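# Residue-level structural notes
The chain contents come next:
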There are 2 protein chains.
Amino acid sequence: MTQAIDRLKQASTAAFTGLKCKECGAEYDATAKHVCDECFGPLEVKYDYDVLRQTVSRETIEAGPHSIWRYKPFLPVATETPIDVGTGMTPLVEAHRLARQLGLKKLYIKNDAVNMPTLSFKDRVVSVALTRARELGFSTVSCASTGNLANSTAAIAAHAGLDCCVFIPADLEAGKILGTLIYNPTLMAVKGNYDQVNRLCSEVANTQGWGFVNINLRPYYSEGSKTLGFEVAEQLGWQLPDHVVAPLASGSLFTKIYKGFQEFIETGLVEAKDVRFSGAQAEGCSPIASAYKEGRDFIAPVKPNTIAKSIAIGNPADGIYAVDIANKTNGTIESVTDAEIIEGMKLLAETEGIFTETAGGTTIATLKKLVEAGKIDPDEVTVAYITGNGLKTQEAVQGYIGEPLTIEPKLDSFERALERAHTLNRLEWQQVLV
Amino acid sequence: MTQAIDRLKQASTAAFTGLKCKECGAEYDATAKHVCDECFGPLEVKYDYDVLRQTVSRETIEAGPHSIWRYKPFLPVATETPIDVGTGMTPLVEAHRLARQLGLKKLYIKNDAVNMPTLSFKDRVVSVALTRARELGFSTVSCASTGNLANSTAAIAAHAGLDCCVFIPADLEAGKILGTLIYNPTLMAVKGNYDQVNRLCSEVANTQGWGFVNINLRPYYSEGSKTLGFEVAEQLGWQLPDHVVAPLASGSLFTKIYKGFQEFIETGLVEAKDVRFSGAQAEGCSPIASAYKEGRDFIAPVKPNTIAKSIAIGNPADGIYAVDIANKTNGTIESVTDAEIIEGMKLLAETEGIFTETAGGTTIATLKKLVEAGKIDPDEVTVAYITGNGLKTQEAVQGYIGEPLTIEPKLDSFERALERAHTLNRLEWQQVLV
């Protein structure tokens, strides 16, 4: 018992002081708890921004590791030795060729398709959640996942030597299942959609003494996404962009990028600026876009039916907060069809050499749609968030990217094929331009 | 013509001065040329190390970009604006859990499975080759590839807006074909093995005015692999390890890591040290291991037959130089079976959370074999090079990593499955420990 109390005493820092209800403001100790006892609202981590202002500067951050942990004072962990497998500080690539094609002047891609170790932004939230899980004394970690989170939790748990049990919908893409099993966690494939998986996990969290990264550890876990805001600000030379476009699944990523920007303004690391926030959903699962378009202040859950499985959450926990941010920043929320998603994946690959998964295709297709509709001004410095790698959702583009030209290992066979290729390319090009 | 001469004049730097035959020492201008006119030996890039000593320091490197281009003075390009998509500076992870399992005291994994943009070390050589190709005025780039190089050339060419034609053996892994096609290059699938692809490309290089990254641009291209040596030295705090283990395909990577270490010693960036170099091959394609074991000074070509396709080169261009380095550094060259390769992939994933492709499995299996044979001392600081990502060779492990436990979205279904999982895990664990 004394040990447990000591652990709790050590479990916060001067800046990270506890948990607070997002709705009613009730305060709690920094334990594995995510719902307010008073009003059932979601809990968030609380910081003392005066402490942060006094102790953190651009210089202290720049002197830190080349990973999300350079922002440790803004993250809800107490340890001096977080789990650091190189997560974060992914490239912010200026997308000259894509910008030209879309008619924008300054477009950047924040490329988490190459995040470490498992090639999605989930490595950020999991690195924070598992570091916190260890601090709180959990020896088994778990999650409800649409795939990327499963990969990340299994991999980082393996590295940290934590036991791991992962829950996924049974119909996930093959690459995401295999990319989880390879780390040898216990993998539960649930016959149902993500929302059913999530409900089951809430029950399991109440009966097993496990740390569920996106349930009882959710307040800590979700803070990891702020680093996507911090990094963009730092990589732009300590300033904020004019407009960001990001995918919406639960809505958490979107709200945390916003929070990251606000915290940097609050602590004087960047100048205040009104950044417009626009969200991207797949038409086959667009409860947040619907709420935005219909001006509703509640989310009507839907049953997902889209190739963009990693963002197919029919009952998004932070959806209404995402709508609020889009509204108050003068952004928008838009949805795109599966066909547009595939075109978005191809467009990003062909212009920038970045192979993203369906969620990234959703973001690029939405970006295109917003520019065409005049909802992004060509002069706005725009950042599009690419959150996962295309190698994980290969079935989505199979059949849409052509075939290799098969030849004999002979010069004349090659030359005939090249002639054929030139003809094909001309045709394809015409189709693209039409 | 004046333009062409100007281009050549601009095409070297004070430190990078031209090409030189590795065999007879004949010197050449820095053009697209890879074979000596005098003796048909391979050409290498020549540097003035006095200039490097005077102009480069640990500080100048540390102040550079977080990519391979922090080592630009050691690379054969003249431009101030190389193609930089964040390639290099991949994590050097201390592998505590794998080290314990193998019985080593200090083991590091250099993790190019998360290299940018296409998740293999090839992004290093391609970034250098395409930067050089652009300097030399090529508008179409090409390569002969076992897969990773195809991904990388197609992606970085797309980013740079260069036309691209890629040649692969027709039987490559699906992920590597799709991971090339997505960037929309011309893709030629040759009915034959890599060595036949390579021979065809040599003919094509003579008839088309293309820059073949690993043929006429090979002297520049191969220099990119030195950065795997530079980064390890810098990441170890400006010192060299005791022992490195790296995979052998053409042998080039191995010789260039060695060259990287030597150049850092030569220019005073690290203290001189005898580093032992051990190479890893798949038994189904082990011409370099055979030459080493039989004490031969020539390579007897073989016909590859292994799951480790990315390193399946039956007639390796730099094989004999690799043998020479293993010999003179008191290292060794070993080969492992396909079954051992799969076990190596699983071992690395389960202990360190790193999912590598078959080439990485070859390296880990060889590392294990060498430790067990007493050829790596437990006290040696050892670095194992992981060169590619497991998502690209999913078929290799399919069927060897178990299946998810399929359950209904109900608590009792989960609890029954968990009981089953505990039984399975005990059994699996017993198998691993036996």
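What counts, and at which threshold
Per chain, residues are indexed from 1 in the order of the written sequence. Whichever chain is written first is A, and whichever ligand is written first is 1; the rest continue in order. Note on the predicted model: pLDDT of at least 70 is required for a residue's local features to be given, and 80 or more for side-chain atom pairs to be given and counted; whole-chain, interface and lining totals, by contrast, use all residues. Based on all heavy atoms of the structure, the side-chain values leave hydrogens and waters out of the count. UniProt positions are given in the numbering used here, feature names are shortened, and annotations may be inferred rather than shown by experiment. We define a salt bridge as a side-chain nitrogen of Lys or Arg found within 4 Å of a carboxyl oxygen belonging to Asp or Glu. The helix and strand labels rest on DSSP assignments: H or I over at least four residues marks a helix, E over at least two residues marks a strand, and numbering proceeds from the N terminus. Only protein chains enter the accessibility calculation, which uses a 1.4 Å probe; a residue whose area is less than 20% of its type maximum is buried, one above 50% is exposed, and one in between is partly exposed. The least-squares superposition of copies is restricted to C-alpha atoms, and to residues with a pLDDT of at least 70 in both copies. Two residues qualify as a contact provided that any one of their heavy atoms is within 4.5 Å of a heavy atom in the partner residue. To define axes, lines are fitted to C-alpha atoms, for helices over the stretch in contact only, and angles between the resulting N-to-C directions are given on a 0 to 180 degree scale. Any angle that is under 35 degrees is reported as roughly parallel, and any over 145 degrees as roughly antiparallel; angles of 65 to 115 degrees are reported as roughly perpendicular and all others as oblique. Working definition: a ring pair exists when centres of Phe, Tyr or Trp rings (six-membered ring for Trp) sit within 6.5 Å. Plane angles under 30 degrees give stacked, over 60 give edge-to-face, the rest tilted. Sitting over a ring, as applied to charges here, requires NZ of Lys or CZ of Arg to be within 6 Å of the ring centre and within 35 degrees of the ring normal. Accessible area that two parts lose when put together, evaluated with a 1.4 Å probe and summed over both, is termed the buried area. Polar contact is the term for a pair of N or O atoms within 3.5 Å; when the atoms are in protein, one must be able to donate a hydrogen and the other to accept it, and sequence-neighboring residues count only if both atoms are side-chain atoms. Any residue outside Ala, Val, Leu, Ile, Met, Phe, Trp, Tyr, Cys, Pro, Asp, Glu, Lys and Arg is labelled polar, Gly included; the first ten of those are nonpolar and the last four are charged. DSSP-based pairing: two strands are paired if at least 2 bridges between them are found. Whether a set of points on the 1 Å grid over the protein atoms alone is a cavity depends on a 1.4 Å probe fitting there but being unable to get out, while an open set qualifies as a pocket with protein on both sides within 12 Å along at least five of seven lines; lining residues are those with an atom within 4 Å of a point. Grid points are joined across faces, edges and corners, and a volume is the space filled by probe spheres set on the points. Two cysteine sulfurs form what is called a disulfide whenever their separation falls within 2.5 Å. Given the number of residues in a helix, its expected span is that number minus one, multiplied by 1.5 Å.

As annotated in an unreviewed UniProt entry, chain A carries the name Threonine synthase and comes from Phormidium yuhuli AB48. According to the UniProt record, the Sequence similarities (unreviewed entry) comment for chain A reads "Belongs to the threonine synthase family." UniProt annotates chain A under Cofactor (unreviewed entry) with the comment "pyridoxal 5'-phosphate".

What follows deals with the pattern of salt bridges. Applying the stated criterion to the full structure yields 59 salt bridges over all chains. Note that Arg70 of chain B and Glu234 of chain B form a salt bridge whose closest N and O atoms lie 2.6 Å from each other. Pair noted here: Arg70 of chain B is in the loop between α3 (58–62) and β4 (92–94) and Glu234 of chain B is in helix α10 (residues 226–235), with a separation of 164 residues, a long-range link. Neither Arg70 of chain B nor Glu234 of chain B differs from the other in exposure class; each is buried. Between Lys259 of chain B and Glu223 of chain B there is a salt bridge; the shortest N-O distance is 2.8 Å. Of this pair, Lys259 of chain B sits in helix α11 (residues 252–266) while Glu223 of chain B sits in helix α9 (residues 218–223); the two residues are 36 residues apart in sequence, bridging distant segments of the chain. When sorted by exposure, Lys259 of chain B lands in the same class as Glu223 of chain B, which is buried. Three or more residues are tied together by salt bridges with common partners; here these are Glu44, Glu223, Lys226, Lys256, Lys259 and Glu263 of chain A.

We now examine the relation of the copies chain A and chain B. Rotating chain A by 180° about the axis while translating it 0.0 Å along that axis superimposes it on chain B, leaving an RMSD of 0.0 Å. Considering both components of the superposition, the chain copies are consistent with a two-fold axis. Both copies share a contact surface, since 100% of the interface residues of chain A are interface residues in chain B too.

A few words on unusual backbone geometry. Residues and elements named next belong to chain A. Met116 connects to Pro117 through a cis peptide bond whose omega is 0°. Among the secondary structure elements, Pro117 is positioned in the loop between β5 (106–111) and α5 (122–135). With a phi close to 65°, Phe40 is a non-glycine residue in the positive phi region. Locating Phe40 in the fold gives a position in the loop between β2 (27–28) and β3 (43–47). A positive phi angle, near 60°, is found at Asn184, a position not held by glycine. As for its placement among the helices and strands, Asn184 is situated in the loop between α7 (174–181) and β8 (186–190). A relative accessible area of 28% means that Asn184 is categorised as partly exposed.

This part takes up the packing of helix α14 (residues 338–352) of chain A against helix α15 (residues 358–372) of chain A. Residue and element names in this part refer to chain A. The contact between α14 and α15 brings their axes to 7 Å, and the two run at 90°. One finds that α14 runs roughly perpendicular with respect to α15. Taken together, the residues of α15 that come into contact with α14 (itself represented by Glu340, Ile341, Gly344, Met345, Leu347 and Leu348) are Thr358, Gly361, Thr362, Ile364, Ala365, Lys368 and Lys369.

Taken as a whole and assessed by the stated rule, the structure comprises 34 aromatic pairs over all chains. Measuring from ring centre to ring centre gives 5.3 Å for Phe414 of chain A and Phe167 of chain B, while their planes differ by 45°; the resulting arrangement is tilted. With Phe414 of chain A in helix α17 (residues 411–433) and Phe167 of chain B in strand β7 (residues 163–169), this pair bridges two chains. The class of Phe414 of chain A is buried, set by a relative accessible area of 0%. Its relative accessible area of 0% is what places Phe167 of chain B among the buried residues. Ring centres of Phe254 of chain B and Phe277 of chain B lie 5.6 Å apart, and the angle between their planes is 90°; this geometry places the pair in the edge-to-face category. Taken together, the residues Phe254 of chain B in helix α11 and Phe277 of chain B in strand β11 (residues 276–282) connect sequence positions 23 residues apart. Across the pair, Phe277 of chain B and Phe254 of chain B agree in class, each one buried. By way of ring pairs, the aromatic residues Tyr71, Phe74, Phe230, Trp238 and Phe264 of chain A are connected into one cluster. Taking NZ or CZ as reference, Arg296 of chain A lies 5.1 Å from the ring centre of Phe298 of chain A, over its face.

A few words on the interface of chain A and chain B. Across the boundary between the two partners, chain A contributes 74 residues, which contact 74 residues of chain B. Across the interface of chain A and chain B, roughly 6200 Å² is buried in total on both sides, 70% from carbon and sulfur atoms. Counting across the interface, chain A meets chain B through two salt bridges. Salt-bridge contacts for Lys191 of chain A lead to Glu408 of chain B; the nearest nitrogen and oxygen are separated by 3.2 Å. At the surface where chain A touches chain B, the tally comes to 15 residue pairs in polar contact (both at pLDDT 80 or more). Looking at the side of chain A that touches chain B, the element that brings in the most residues is α17 of chain A, giving eight residues. Looking at the side of chain A that touches chain B, its residues break down into 40 nonpolar, 21 polar and 13 charged. When β8 of chain A meets strand β14 (residues 405–407) of chain B, the two strands line up parallel, connected through three bridges. Within β14 of chain B, the residue paired with Ala189 of chain A across the bridge is Thr406 of chain B.

Taking the numbering used here, the UniProt-annotated feature "domain: Tryptophan synthase beta chain-like PALP" (unreviewed entry) corresponds to residues 86–388 of chain A. For residues 86–388 of chain A, helix accounts for 44% and strand for 17%, while the C-alpha atoms at its two ends are 16 Å apart.

Quick look at the environment of Ile182 of chain B now. Position of Ile182 of chain B relative to the elements: it lies in the loop between α7 (174–181) and β8 (186–190). Here the alpha-carbon distance between Ile182 of chain B and Ala155 of chain B, two residues 27 residues apart in the chain, equals 8.6 Å. Among all residues touching Ile182 of chain B, those that are not within four sequence positions of it are Lys346, Ala349, Glu350, Phe355, Val397 and Ile401 of chain A.

So, on to empty space enclosed by the protein. On inspection of all chains with the given rule, the structure shows five cavities of 30 Å³ or more. The volume enclosed by the largest cavity comes to roughly 110 Å³. Phe355 and Asn389 of chain A together with Pro117, Thr118 and Tyr183 of chain B are the residues nearest the centre of the largest cavity, which is lined by 15 residues in total. When the residues that make up the lining of the largest cavity are grouped by side-chain class, the tally is eight nonpolar, six polar and one charged.

A word on the pairing of strand β12 (residues 333–336) of chain B. Moving residue by residue along a regular strand, the side chains alternate between the two faces of the sheet. All names here are of chain B. Neither face of β12 is open: one carries Ile333 and Ser335, the other Glu334 and Val336, and all of them are buried. As paired strands, β11 and β12 are joined by four bridges and run parallel to one another. What sits directly across from Ala280, in β12, is Glu334.

Residues and elements named next belong to chain A. On inspection of all chains with the given rule, the structure shows zero disulfides over all chains. Its sulfur unpaired, Cys36 is 3.6 Å from the next cysteine sulfur, which belongs to Cys24. Residue Cys164 stays outside any disulfide, its sulfur separated by 6.4 Å from that of Cys143, the closest cysteine.

The next subject is the sheet that holds strand β3 (residues 43–47) of chain B. Residues and elements named next belong to chain B. Read across the sheet, three strands follow the order β2-β1-β3 without closing on themselves; strand pairing throughout is antiparallel. Each edge of the open sheet is held by one strand with a lone partner, namely β2 (27–28) and β3. Sheet topology note: the strand β1 (residues 16–21)/β3 ladder contains five bridges and is antiparallel. In the sheet register, Cys21 faces β3, and the bridge partner there is Leu43.

Take the sheet that holds strand β7 (residues 163–169) of chain A next. Spatially, the five strands line up as an open sheet ordered β9(A)-β6(A)-β7(A)-β8(A)-β14(B), and their pairing is parallel. The open sheet is flanked by β9 (211–212) of chain A together with β14 of chain B, the only strands paired with a single partner. Sheet topology note: the strand β6 (residues 140–144) of chain A/β9 of chain A ladder contains two bridges and is parallel. Across the sheet, the residue bridging to Val141 of chain A is Gly211 of chain A, located in β9 of chain A. Packing against the sheet, helix α6 (residues 148–160) of chain A makes contact with β6 and β7 of chain A, and its axis sits at approximately 170° to β6 of chain A.

Since the α-helix turns once every 3.6 residues, residues separated by three or four places project in the same direction. Counted at 1.5 Å a residue, the expected span for helix α5 (residues 122–135) of chain B with its 14 residues is 20 Å, and the 20 Å between its end C-alpha atoms agrees. With 13 of its 14 residues buried, α5 of chain B lies for the most part within the structure.

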